[in-house]
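Survey of secondary and tertiary structure
Chain residues, written in single-letter form:
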Amino acid sequence: MDIVERFLRYVAFDTQSSEETGTTPSTDKQMVFAKYLKDELVAEGLQEVELDELGYLYATLPANTDKQVPTIGFIAHMDTSPDASGKGVKPRIVSNYDGGDIILSESQSDATQGHETASASPIITSPAKFPELLAHIGEDLIVTDGTTLLGADDKAGIAEIVEAMVYLQQHPEIKHGKIRIAFNPDEEIGQGAHHFDVEKFGCDFAYTMDGSEVGEIEFENFNAASAKITVNGCSVHPGYAKGKMVNAARIATEIVGMLPADETPETTEGYEGFFHLTNICGNCEKAQLSFIIRDHDRTSFESRKLKMVHVVEAINEKYGGEGAKQKSLCLASDAAVDEKQWGTDVAVLELNDQYYNMREKVEPMMHIIDIAKEAISRAGMTPKVKAIRGGTDGAQLSFKGLPCPNIFAGGINFHGPHEFCPVQSLEKAMKTVVNICSIVAERVGNE
């Protein structure tokens, strides 16, 4: 089995996670895939293969050298995003991509088996909309049929790690220390590291294989929080509403308008943070808004959370809620906002931190970034250190005591039907894993 066959087998499993279940793993189908992987790891000769009841899978490739080499780890997640279906993925390979449009399906009706709501228009991935395609002219691209995501996020990472372990066993001349691998559920809903057993994993440091373009190394990510606002209205007959009605749906739109219009995902890039409205629903009687708050800078992150608090206070003051009496809840603008609720009447805010920027945990161990850079260079690429406009399990693991930067896995356009993954990127990522293992062993006694 080569890495492409391995990857194609993995994407056949529907492993979409869910924010609604409250279980771990959040969906039973993730455990189905985990059990398959467990059997595969045993068959491939890995040792200490263990799958726990929460869907976390651990395994070991023993050292093949007598030198005292640091134990390193490689991690990837099994789930795919709730943003798009992962059921019935139909991948195909576009060989020697020529730089033009890729027709994923001749028509929506073909792809959806003639559903009445389907469109006759073809489903196309075009470099006019996705210019990143042009960096892969001449390569072999694994694409979807336009109705599901592909699942390279993060089954590409799993395939690369497993293939690297197989390769190292086939090439005992490559010396390495003890290597631990782990595959976890529920990364896409921000819970992948929640039950990860860092002590059991037993590594000096690790890498998540969960990035995008070839050559990328990431050890900075957003600080992240969620904000949920419930607006309690008062519904009366609109013909007799003066002085009585409190329209929760309209107030919800007012709240959105009180946040900076130029600080949203669609208007920001690089190190710029944002407020992102992920859901809004309701009626006159009650409305709910869900936001995510993101910023690389911790001080700016805390200021953004305070901004949400001030918006709710202003709404409660304007519409007579008890929130107007709570202005003393927040400390100075440079102080952290406690995770709690603000407001008790018209608008209620629930604010929760999700993860923090791993940079502060990785910077004291920058040699692990240097190792990744050298490994990427040896695999024939130029290392590119960049900040993640998102988060990874590595961020939470870094704060749990396991420094864990992120390395590219090769997939592009994640979370949607235009996702694709070059075969050559899979191969280069696998070689990067092998090189990291070798370099760590080489450096022992040479520093």
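Rules behind the numbers
Residues numbered from 1 in each chain as written. Predicted model: local features only at pLDDT ≥ 70, side-chain atom pairs only at ≥ 80, totals over all residues. Heavy atoms only, no water. Helix = DSSP H or I, 4+ residues; strand = E, 2+ residues; numbered from the N terminus. Rg over C-alpha atoms; globule rule 2.2 N^0.38 Å. Contact = heavy atoms within 4.5 Å. Areas by Shrake-Rupley, 256 points an atom, 1.4 Å probe, with all protein chains shown as cover. Salt bridge = Lys/Arg side-chain N within 4 Å of Asp/Glu carboxyl O. Buried < 20%, exposed > 50% of the residue type's maximum accessible area, 1.4 Å probe, protein only. Pairing = 2+ DSSP bridges. Axes fitted to C-alpha atoms, helices over the stretch in contact; angles between N-to-C directions. Parallel < 35°, antiparallel > 145°, perpendicular 65-115°, else oblique. Left-handed = near helix turned anticlockwise from the far one by under 90°. Nonpolar A, V, L, I, M, F, W, Y, C, P; charged D, E, K, R; others polar. Core = buried A, V, L, I, M, F, W, Y, C linked by side-chain atoms within 4.5 Å. Arc of directions from axis to C-beta. Polar contact = N/O pair within 3.5 Å; in protein donor to acceptor, adjacent residues only side chain to side chain.

1. Looking at the overall build of the chain
Scanning the chain from terminus to terminus reveals 11 helices and 18 strands. Computed over the C-alpha atoms, the radius of gyration of the chain is 24 Å, within 12% of the 22 Å expected from 2.2 N^0.38 for a compact globule of 447 residues. By principal-axis analysis of the C-alpha atoms, the chain measures approximately 85 × 55 × 40 Å. At a minimum sequence separation of 6, the contacts of the chain that also span at least 24 residues come to 77%. Within the structure as shown, the chain displays about 19,300 Å² of accessible surface, and the carbon and sulfur contribution to it stands at 48%.

2. Some words on the pattern of salt bridges
In the structure shown here, the tally under the stated rule is 20 salt bridges. Between glutamate 218 and lysine 386 there is a salt bridge; the shortest N-O distance is 3.5 Å. Within this pair, whereas glutamate 218 is found in strand E10 (residues 216–220), its partner lysine 386 is found in strand E16 (residues 384–387), the two being separated by 168 residues in sequence. Exposure remark for glutamate 218: the relative accessible area of 6% places this residue in the buried category. Among the salt bridges present, the one from glutamate 374 reaches arginine 378, with a minimum N-O distance of 2.6 Å.

3. Details of the pairing of strand E13 (residues 286–295)
With seven of 10 residues buried, E13 lies mostly within the body of the structure. Examined bridge by bridge, strand E11 (residues 223–232) and E13 share 10 bridges and lie antiparallel to one another. Bridge pairing links alanine 224 to arginine 294 in E13. In the sheet, strand E12 (residues 274–282) pairs with E13 via eight bridges, with the strands oriented antiparallel. Its bridge partner being in E13, glycine 282 is matched across the sheet by alanine 287. Here E12 hands over to E13 after three residues, the two strands then running antiparallel side by side.

4. Remarks on the packing of helix H2 (residues 28–43) against helix H4 (residues 152–170)
Across the interface, H2 lies against H4 with an axial gap of 12 Å and an inter-helix angle of 15°. With respect to each other, H2 and H4 are oriented roughly parallel. The element H2 and its partner H4 pack so that their crossing is right-handed. Contacts between H2 and H4 involve Phe33, Leu37, Glu40 and Leu41 from the first element and Lys155, Ile158 and Val162 from the second. Residue classes in the contact of H2 with H4 are distributed as five nonpolar, no polar and two charged.

5. Digging into the sheet that holds strand E2 (residues 57–61)
Ordered by their spatial adjacency, eight strands build an open sheet running E1-E2-E8-E3-E9-E17-E10-E16, and the pairing between neighbours is mixed. Both edges of this open sheet fall to strand E1 (47–51) and E16, since each of them pairs with a single strand only. Averaged over all pairs of adjacent strands, the angle between strand axes in this sheet comes to 25°, irrespective of strand direction. Bridge count between E10 and strand E17 (residues 406–408): two bridges; the pairing is antiparallel. Bridge pairing links isoleucine 217 to isoleucine 407 in E17. Strands E2, strand E3 (72–77), strand E8 (179–184), strand E9 (205–211) and E17 of the sheet are contacted by H4, whose axis makes an angle of about 145° with E3.

6. A closer look at the nonpolar core
In terms of nonpolar packing, the biggest core is built from 70 residues, with Phe74 and Phe183 touching the most fellow members. Looking at which element gives the most residues to this core, the answer is helix H11 (residues 423–443), with 11 residues. Setting aside anything within four residues of it in sequence, one finds phenylalanine 74 in contact with Ile161, Ile179, Arg180, Ile181, Ala182, Phe201, Tyr207, Val433, Ile436 and Cys437. Core analysis: the second largest hydrophobic core is formed by 24 residues, Ile251, Leu259, Val309 and Val346 among them.

7. Brief notes about the sheet that holds strand E4 (residues 92–94)
Think of a sheet as strands paired side by side through backbone hydrogen bonds, with each pair either parallel or antiparallel. The antiparallel open sheet is built from three strands, whose spatial order is E4-E7-E18. Lying at the two open borders of the sheet, with one neighbouring strand each, are E4 and strand E18 (421–422). With three bridges joining them, E4 and strand E7 (residues 141–143) adopt antiparallel strand pairing. Considered in E7, the bridge of isoleucine 93 is made with isoleucine 142.

8. Some remarks on helix H1 (residues 3–11)
What H1 keeps buried is the set Ile3, Val4, Arg6, Phe7, Tyr10 and Val11. End-on view of H1: buried residues confined to an arc of 160°, all on one side of the axis. Contacts from the buried residues of H1 go to H2, E4, E7, H4 and H11. If you check the start of H1, you find a side-chain oxygen 3.2 Å away from the backbone N of valine 4, and it comes from aspartate 2.

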